Amino acid sequence: MAPMSLRIEIVPAAIATLPARDAMLRAFYDRDPAAEGIFLVGVTSTRIFCRPTCKARKPKPENVAFYSNASGALHDGFRPCKLCRPMDAVEPPPPLVARLREAVENDPTGRITEKELLDRGIEPTTARRQFRRYYGMTFHAYARARRMGLALRDVGSGTSVTETQFARGFESASGFRDAFTRLFGTAPRTAAATKVLWAERVDSPLGRMLAIAGDDGLHVLDFVDRRGLERKLITLRQRLGVIVVPGRHPTLSAAASQLGEYFAGERMHFDLPLVPTGSPWEQSAWTHLRSIPPGETESYGAMAAALGRPGAARAIGRANGLNYLSIVIPCHRVIASDGKLTGYGGGLWRKQWLLNHERIHVKNARR
């Protein structure tokens with residue numbers, strides 16, 4: 001695949017550029033909801049960090065420090081505020097981000113220029129910054145990807161290149177062809193054989209997740225800060241010869257809905273078409289994981305023995321570590337033989353939370 005095919009960026013918050021300090025101070029003192037997800041506030045006099053909308057009494061400006069994520073604040077010795085709970089859950093999209101995204105979904109073939117943004121009372125740099133913060137790409141990159149992704153689907157389903165060009169808002173045939181080829185690494189006429197996967201961010205009480213699905217099912221569902229996730233996306237594209245573009249898909253909607261039910265304690269089993277990508281051994285390990293009942297755990301050694309490879313606990317650990325369908329393929333239910341928690345790509349704190357969550361709700365269901 002050509003190196004210029006679309007890449008879903010996972011932007012590390014630790015290296016993200018913060019807005020100007022004066023702008024953040026104004027947003028903090030105004031408790032501006034649009035600042036949610038953009039920065040966190042550390043109060044040096046109390047060593048507490050908060051959301052920008054926290055209702056606690058505001059400190060003096062000289063006692064305020066700003067952070068792009070909770071990790072930076074924690075490493076600087078701040079503890080999370082008990083009032084606004086900055087680490088408890090991911091906030092929904094800032095109002096501006098939601099408004100822009102809805103504008104694209106209402107008319108995915110249209111174009112919203114910087115002038116049109118200004119006419120709507122939206123500063124283009126603000127739109128770029130907030131959209132990148134939340135989705136890992138600028139607003140215009142998202143809009144282009146949606147438009148071109150739909151074009152690829154049209155061509156792949158048999159619609160003529162000319163029809164697709166005009167239906168998706170491209171007046172110039174050469175411009176459409178060049179843009180299409182730059183983005184997908186293939187010309188429109190040869191794109192019918194190219195498979196499309198759709199990507200969306202999903203909020204959860206444990207942090208934002210990335211879901212990727214196609215017509216064959218769900219390929220990825222994992223936390224956006226999961227180590228190795230970008231490498232997994234590259235492997236997915238190379239191994240399957242697919243294009244990953246942002247957009248909506250029935251399987252993504254079903255995954256978000258069922259995850260919501262899971263976290264609410266209303267569901268412990270998932271009914272989703274899954275397409276895990278791995279070796280036969282990895283596939284067998286992931287199939288076994290789905291047989292471990294919620295509320296229960298199994299050791300790596302016991303799992304290896306069940307798969308006919310006693311003594312292969314480390315191989316089980318490696319296979320589980322390559323599972324990028326978090327929660328729905330429950331590798332969090334596998335623990336060390338001494339009962340300790342080890343080896344979870346999303347972090348041991350999430351593993352502990354998931355096990356506690358399942359035990360509580362399974363116990364309640366049995367009453």
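As the structure is a prediction and not an experimental result, all values here were calculated from the model.

Draft legend 1. Highlighting the sheet that holds strand E2 (residues 48–50). Across the sheet, four strands lie side by side as E3-E1-E2-E4; this open sheet has mixed pairing. Looking along the sheet, the strands with just one partner apiece sit at the ends: strand E3 (64–67) and strand E4 (79–80). Here three bridges tie strand E1 (residues 40–43) to E2, and the two strands are oriented antiparallel to one another. Its bridge partner being in E2, Val43 is matched across the sheet by Ile48. The strands touched by helix H1 (residues 21–30) within the sheet are E1 and E3, with E3 carrying the most contacts at an inclination of about 105°.

Draft legend 2. Examining the sheet that holds strand E5 (residues 195–202) more closely. Read across the open sheet, the four strands follow the order E7-E6-E5-E8; overall the sheet is mixed. On the outer flanks of this sheet lie strand E7 (217–223) and strand E8 (242–246), each paired with one strand and no other. Each strand axis lies, on average, 25° off the axis of its neighbour in the sheet, ignoring direction. Pairing of E5 with E8, which is carried by five bridges, proceeds in the parallel orientation.

Draft legend 3. Molecular detail of the pattern of salt bridges. In the structure shown here, the tally under the stated rule is six salt bridges. The salt bridge involving Arg128 is made with Glu114; its shortest N-O contact spans 2.9 Å. Remark: Glu114 occurs in helix H4 (residues 114–119) and Arg128 occurs in helix H5 (residues 124–135); sequence separation between them is 14 residues. For Arg128, a relative accessible area of 30% puts it in the partly exposed group. Taking the shortest distance from any N to any O, the salt bridge between Asp203 and Arg208 comes out at 3.6 Å. Residue Arg208 is classed as buried on the basis of its relative accessible area, which comes to 15%.

Draft legend 4. Here's a closer look at the nonpolar core. The biggest cluster of nonpolar side chains holds 42 residues, and the ones touching the most others in it are Leu218, Leu221, Leu259, Leu289 and Ile327. If you tally residues by element for this core, the top one is helix H10 (residues 250–263), at five residues. In this structure, Leu221 is in contact with Met209, Leu210, Ala211, Leu259, Tyr324, Leu325, Ser326 and Val328, ignoring residues within four places of it in sequence. Grouped together as the second largest cluster of nonpolar side chains are 15 residues, Val97, Ala103, Ile112 and Leu117 included.

Draft legend 5. Structural detail: the packing of helix H11 (residues 280–289) against helix H13 (residues 313–321). The interhelical angle for the contact between H11 and H13, taken along N-to-C directions, is 85°, at an axis separation of 9 Å. The angle between H11 and H13 falls in the class roughly perpendicular. Here Trp281, Glu282, Ala285, Trp286 and Leu289 of H11 come into contact with H13, specifically with Ala315, Ile316, Ala319 and Asn320. Across the contact of H11 with H13, the residue classes break down as seven nonpolar, one polar and one charged.

Draft legend 6. Broad picture of helix H3 (residues 95–106). Taking 1.5 Å per residue as the helical rise, H3 with its twelve residues ought to reach 16 Å, and the 16 Å between its terminal C-alpha atoms agrees with that figure. If you check which residues of H3 are buried, you get Leu96, Val97, Leu100, Ala103, Val104 and Glu105.

Draft legend 7. Just the state of the cysteines, in detail. One pass over the structure, following the stated rule, counts zero disulfides. Here Cys81 stays unpaired: no disulfide links it, and the sulfur of Cys84, its closest cysteine neighbor, is 3.8 Å away.

Draft legend 8. The arrangement of empty space enclosed by the protein in detail. Under the counting rule described, the total for this entry stands at two cavities of 30 Å³ or more. Approximately 80 Å³ is the volume attributed to the largest cavity. What lines the largest cavity is Asp222, Phe223, Arg226, Asn320, Gly321, Asn323, Ser326, Cys331, Gly343, Tyr344, Gly345 and Gly346. Of all the secondary structure elements, the ones that give two or more residues to the lining of the largest cavity are E7 and H13. Class assignment of the residues belonging to the lining of the largest cavity gives a composition of three nonpolar, seven polar and two charged. Taken as a whole, the second largest cavity holds about 40 Å³ of empty space. If you go around the second largest cavity, the residues you meet are His219, Lys232, Pro276, Thr277, Trp286, Leu322, Asn323, Tyr324 and Leu325. Tallied by class, the residues present in the lining of the second largest cavity amount to five nonpolar, three polar and one charged.

The rules we used
Each chain carries its own residue numbering, running from 1 in the direction its sequence is written. Predicted model: local features are reported for residues with pLDDT of at least 70 only, side-chain atom pairs are reported and counted for 80 or more only, and whole-chain, interface and lining totals are derived from all residues. Note that the side-chain values use all heavy atoms of the structure and ignore hydrogens as well as water. By this definition, two strands are paired if DSSP reports at least two bridges between them. Helix numbering and strand numbering both begin at the N terminus, where a helix is a DSSP run of H or I of at least 4 residues and a strand a DSSP run of E of at least 2. Contact criterion: two residues are considered in contact whenever any of their non-hydrogen atoms come within 4.5 Å of each other. Lines fitted to C-alpha atoms define the axes here, with helix axes fitted over just the stretch in contact, and angles between the N-to-C directions of these axes take values from 0 to 180 degrees. Salt bridges are defined as contacts in which a side-chain nitrogen from Lys or Arg sits within 4 Å of a carboxyl oxygen from Asp or Glu. To sort residues, take the accessible area from a 1.4 Å probe on protein chains only and compare it with the maximum for the residue type: under 20% means buried, over 50% means exposed, and anything in between is partly exposed. Residues grouped as a nonpolar core are buried Ala, Val, Leu, Ile, Met, Phe, Trp, Tyr and Cys residues, joined through side-chain atoms within 4.5 Å. Any angle that is under 35 degrees is reported as roughly parallel, and any over 145 degrees as roughly antiparallel; angles of 65 to 115 degrees are reported as roughly perpendicular and all others as oblique. Ten residues, namely Ala, Val, Leu, Ile, Met, Phe, Trp, Tyr, Cys and Pro, are considered nonpolar, four, namely Asp, Glu, Lys and Arg, are considered charged, and the remaining ones, Gly among them, are considered polar. Working rule for helices: expected span equals 1.5 Å times residues minus one. Here, the term disulfide refers to a pair of cysteine sulfur atoms separated by no more than 2.5 Å. The way it works is a 1 Å grid over only the protein atoms, where trapped points that fit a 1.4 Å probe form a cavity and open points with protein on both sides within 12 Å along at least five of seven lines form a pocket, and then any residue with an atom within 4 Å of a point lines it. Grid points are joined across faces, edges and corners, and a volume is the space filled by probe spheres set on the points.

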